[in-house]
Amino acid sequence: MSALARLAVAIGYRVSGTDRDDSATLAALRALGVHAVAGHRADAVPADTATLVVSTAIAGDNPELAEAARRGIPVIHRADLLAELMAGRRGLAVAGAHGKSTTSAMLRLALGGASACIGATVEGGGGTGAVWGDGPWFVAEADESDRSLLRLRPEAVILLNVDHDHHSTYASIEEVEETFAGFLDLVPADGVVVAGPDPRAWALARASGRPHRLVGEGEGSWGAVDRSGDGPAVLRLAGGREVTLRLAVPGAHNAANAACAIALADWCGEDPQAAADRLASFTGVGRRYEMKGTAGGVTVIDDYAHHPAEVAATLSAARERHPGRIVAVFQPHLYSRTRELWAQLGEALGAADIALVTEIYAAREAHDPAVSGRMVADAVPGPATARFTPTLADARAAVLELARPGDLVLTLGAGDVTGLGQELLPALQNQYGNGDSPGGARPPA
């Protein structure tokens, strides 16, 4: 929503809006002239409001929605505004269960700086994922969580992967596939579908009837990433051409994301190696393996991972870069997701040396006493050490008890666990000083 506000202001709209709490994001919007206030209330809707734009997170009893109904103000979904903003450019959309924000930002960079609306903070976005860039292209992150991606009309699409994540929206993986298939149907006949290295994504791309480029190993592949050597990764294209990938971000998943971005950039007319070279400067987007700092010899990184596949990918990337122990602090997100995936979440966390699991971040869902973060903690397999730490304060205390110089602490989840890393840094500094004293190190937990 903040990204849309920023883009709308830039093209001349007068914008106001509310959020539950005040934040640096609201302050940044106010600096642009947006009347952004904390707290949802009826009198926050200006007298001359022409349209009220909402996200799916806004409940039906929201006072501003009620005020709009009373005054006859049209209400549209945020995806409708995104589609309007895209309409003046050539639209490209990045869809999939995992990796959308990172790949969208990679695609923007691979194109040499397109316009974009992305669901994570990006460089040049003023604390949002919004950038008006040069050239004809507009990159949009397409959200399947509420089926709002079906409101977009992109010229070309990346479908990274297909997974069952949003259990309050989809009863089965087949329903997820149906939504993505409907999205690919929106691509024009002269467009293209790029499919990431995922069997379901490949199948949907092939069934779409659109021109497609399949990224990954297999018959009909446009290109596959080879990370087997000691040097940089290589994207091997059909026909024998090779593209060198020098990425600053770790993990096989990010190499695959980059390959998808390059595949679409190539279709847009960019040289694949030139696109890859631009990605060498990519350091990630907000909350995706985001370095918070090092204190007392302990490195703290924050990541948005909240699905088992994402947790596993993040921990795998951490192992690539970090030779020491990994302490993972995981906050489950949503009762509906945890109810379905608690066992898989625990299994994924087993890749850490120490796994601390908090209680569930409910977000928009009502409390469900039958589901708890303890279920995830109890499902973590050995030899990892697992502990249920119900509150963030409990998790903070456990990190200070268990972490030692040389460790990597990962805070994982889509909720307010993101604030924990910054809180830990001064406490770790106070506990261990500069972290290079052998006497300050704790024995392994």
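Relevant structure appears above.
Being a predicted model, the structure only gives us computed values, none of them experimental.

S.K.: Explain the side chain of D407 to me, using residue names and the numbers behind them.
M.R.: When you line up the elements, D407 lands in the loop between α13 (392-402) and β20 (408-412). D407 sits in the buried class, given a relative accessible area of 2%. Reaching out from D407, the side chain makes a polar contact with the side chain of R325 at a distance of 2.7 Å. Here the side chain of D407 touches R404 through a polar contact of 2.9 Å, landing on its backbone nitrogen. Setting aside residues no more than four positions away along its own chain, D407 makes contact with G297, V298, T299, H322, R325, V327 and L402.

S.K.: I'd like a rundown of the pattern of salt bridges, residues and numbers included.
M.R.: Evaluation of the coordinates by the stated rule reveals 24 salt bridges. Of the charged contacts in the structure, one is a salt bridge between R78 and D143, with a shortest N-O distance of 2.6 Å. Taken together, the residues span a long stretch of sequence, with R78 in helix α4 (residues 78-86) and D143 in the loop between β8 (137-141) and β9 (156-159) at a distance of 65 residues. Across the pair R319 and D353 runs a salt bridge whose closest N-O atoms are separated by 3.1 Å. Here R319, found in helix α10 (residues 308-321), pairs with D353, found in the loop between α11 (335-349) and β18 (354-357); they are 34 residues apart in sequence, far enough to count as distant. Judged by relative accessible area, R319 falls into the partly exposed class, the value being 35%. Several salt bridges share partner residues, and in doing so they unite E67, R70 and R71 into one network.

About the cut-offs
- Residues numbered from 1 in each chain as written.
- Predicted model: local features only at pLDDT ≥ 70, side-chain atom pairs only at ≥ 80, totals over all residues.
- Heavy atoms only, no water.
- Helix = DSSP H or I, 4+ residues; strand = E, 2+ residues; numbered from the N terminus.
- Buried < 20%, exposed > 50% of the residue type's maximum accessible area, 1.4 Å probe, protein only.
- Polar contact = N/O pair within 3.5 Å; in protein donor to acceptor, adjacent residues only side chain to side chain.
- Contact = heavy atoms within 4.5 Å.
- Salt bridge = Lys/Arg side-chain N within 4 Å of Asp/Glu carboxyl O.

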